[in-house]
Amino acid sequence: MLPTMSPTPLFLPASRRSAFAIGAFSALCTLGCNPPGPRIDPAMLASYREQFQSSTELAAPVTVAEVRATLEKAEDPAATTPVVLIGQVGGVPNPLEETQPDFPWQTGEATFFLVDQEVASKLAAHLESQGPDHQDCPFCARAIAKSVDSMAAISFRGKDGKPVRIGAQTLFQLEPNDVVVVEGDATLLAGKMLAVDARRIHVKQ
């Protein structure tokens, strides 16, 4: 939160008013202009990008629905399966507001939510057709709740087994609605959320 600043006293001499304004601007920039979070080591960033990013297309990608169907048929509820998964980064209203307020990102770690393109496209088209004042829509409520079944939590982990402590936006230069292909191992968490421990990512142009 920015500090409350009193107005510049009008009775100050011009030179002091100028100094006051410069000082106020400097204080605001110190609080609001600097990028948040710790500085990221460029060498570490380059190393992770070399490890995880693929400049070429990953072969034979499938959708979230196809992966879910495979895992739901498995006898072991904790079964994992290797996948090459395609989808887009976010692209739907946040269906996980209580637990994931920064959707489609996880702040400070290399985790993001990938959404089935067809599901996101249908919901986006509906919202666009209804206009900016559209609200309290039963279709939207059902579609947003259902979209959880059409998404996957994608995490890139370090040698310690924990998600890399760099935001996916920064690490992979991602934007919402970017279409990506991810290679990794998928599992259903508690039979609900599809989670992928990812090894490679290709950002489609």
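Counting of residues starts from 1 at the beginning of each chain's written sequence and follows it residue by residue. Only residues with pLDDT of at least 70 are given local features in this predicted model, and only at 80 or more are side-chain atom pairs given and counted; all residues enter the totals for whole chains, interfaces and linings. Only hydrogens and water are set aside when side-chain values are computed; all heavy atoms of the structure are taken into account.

S.K.: What is the right way to look at the sheet that holds strand S5 (residues 193–203) in this model?
M.R.: Note on sheets: strands pair through backbone hydrogen bonds, and any given pair is parallel or antiparallel. Should DSSP find at least two bridges between two strands, the strands are taken to pair. To qualify as a helix, a DSSP run of H or I must reach at least 4 residues; to qualify as a strand, a run of E must reach at least 2; elements of each kind are numbered from the N terminus. Pairing is mixed around the closed barrel formed by 5 strands, whose spatial order is S1-S2-S3-S5-S4. On average, each strand axis in the sheet is tilted by 50° relative to the strand beside it, whichever way the strands run. Examined bridge by bridge, strand S4 (residues 179–189) and S5 share 10 bridges and lie antiparallel to one another. Counterpart to Val182 in the pairing with S5 is Ile201. Contacts: residue pairs with any heavy atoms within 4.5 Å of one another. As a rule, the C-alpha atoms of each element are fitted with a line to give its axis, helices using only the stretch in contact, and angles between N-to-C directions run from 0 to 180 degrees. Contacts from helix H2 (residues 42–52) reach strand S3 (151–156) and S5, with the element oriented near 100° to S5. Running over the sheet, helix H4 (residues 117–130) touches strand S1 (80–89), strand S2 (111–115) and S4 and is turned about 25° from S1.

S.K.: For this particular structure, what's the right way to read the packing of H4 against helix H5 (residues 138–146)?
M.R.: The description of two packed helices rests on the angle between their axes and on the distance between the axes. Packing of H4 against H5 leaves a shortest axis separation of 11 Å and a crossing angle of 155°. By the angle class used here, H4 and H5 are roughly antiparallel. Crossing of H4 against H5: the hand is left-handed. Every residue of H5 that contacts H4 at Leu123, His126 and Leu127 is listed here: Phe139, Cys140, Ala143 and Ile144. Should an angle lie under 35 degrees it is considered roughly parallel, over 145 roughly antiparallel, and from 65 to 115 roughly perpendicular; all remaining angles are considered oblique. Throughout, a crossing is termed right-handed when the near helix is turned clockwise from the far one, and left-handed when it is turned anticlockwise from it by less than a right angle.

S.K.: Looking at this structure, I do not really get the pattern of salt bridges. What am I missing?
M.R.: Think of it this way: side chains of opposite charge can pair up when their charged atoms draw near. What counts as a salt bridge is simple: a side-chain nitrogen of Lys or Arg found within 4 Å of a carboxyl oxygen of Asp or Glu. For the structure shown, the criterion picks out 8 salt bridges. A salt bridge links Arg68 to Glu72; the shortest N-O distance between them is 3.4 Å. Of this pair, Arg68 and Glu72 are both found in helix H3 (residues 64–72), 4 residues apart, which corresponds to roughly one turn of the helix. Put simply, Asp197 and Arg157 hold a salt bridge, and the shortest N to O gap is 2.6 Å. You can see Asp197 sitting in strand S5 and its partner Arg157 sitting in the loop between S3 and helix H6 (168–172), a full 40 residues away along the chain. Buried means the residue's accessible area, taken with a 1.4 Å probe over protein chains only, is under 20% of the maximum for its type, while exposed means over 50%, and partly exposed covers the values in between. Look at Asp197 and you get partly exposed, because its relative accessible area is 37%. Salt bridges linked by common partners bring Arg68, Glu72, Lys146 and Asp149 together as one network.

S.K.: What is the right way to read the environment of Ala65 from this model?
M.R.: Locating Ala65 in the fold gives a position in helix H3. When its relative accessible area of 47% is taken as the criterion, Ala65 is described as partly exposed. Considered as a pair, Ala65 and Ala152 are 87 residues apart in the sequence and their alpha carbons are 9.9 Å apart.

S.K.: I tried to follow the packing of aromatic side chains on my own but got confused; where do I start?
M.R.: What characterises a pair of aromatic rings is the spacing of the ring centres plus the angle enclosed by the ring planes. What counts as a ring pair is set by centres within 6.5 Å for rings of Phe, Tyr and Trp (its six-membered ring), and what kind of pair is set by the plane angle: stacked under 30 degrees, edge-to-face over 60, tilted for all other angles. On inspection of all chains with the given rule, the structure shows 5 aromatic pairs. Taking the centre distance of 6.0 Å and the plane angle of 5° together, the rings of Tyr48 and Phe52 count as stacked. Of this pair, Tyr48 and Phe52 both sit in helix H2, separated by 4 residues, roughly a single helical turn. The same class applies to Tyr48 as to Phe52, namely buried. When the ring of Phe103 is compared with that of Phe113, the centres are 5.4 Å apart and the planes differ by 40°; the resulting orientation is tilted. Placement of the pair is Phe103 in the loop between S1 and S2 and Phe113 in strand S2, with a sequence separation of 10 residues. Judged on exposure class, the residue Phe103 and its partner Phe113 are both buried. Connected via pairs of aromatic rings, a cluster forms that spans Tyr48, Phe52, Phe156 and Phe172.

S.K.: Would you mind going over the nonpolar core with me for this structure?
M.R.: Burial of nonpolar side chains together is a common tendency in soluble globular proteins. If you look at the biggest cluster of nonpolar residues, it comprises 32 residues, and the most contacted ones within it are Leu85, Phe112, Ile154 and Leu174. Looking at which element gives the most residues to this core, the answer is S5, with 5 residues. Apart from the residues within four sequence positions on either side, Phe112 is in contact with Val89, Pro104, Trp105, Ala152, Ala153, Ile154, Phe156, Ala168, Leu174, Val180, Val182 and Ile201. Within the second largest apolar cluster, 15 residues are counted, among which are Leu123, Cys140, Ala143 and Met193. By convention a nonpolar core is built from buried Ala, Val, Leu, Ile, Met, Phe, Trp, Tyr and Cys residues, the set being connected through side-chain atoms within 4.5 Å.

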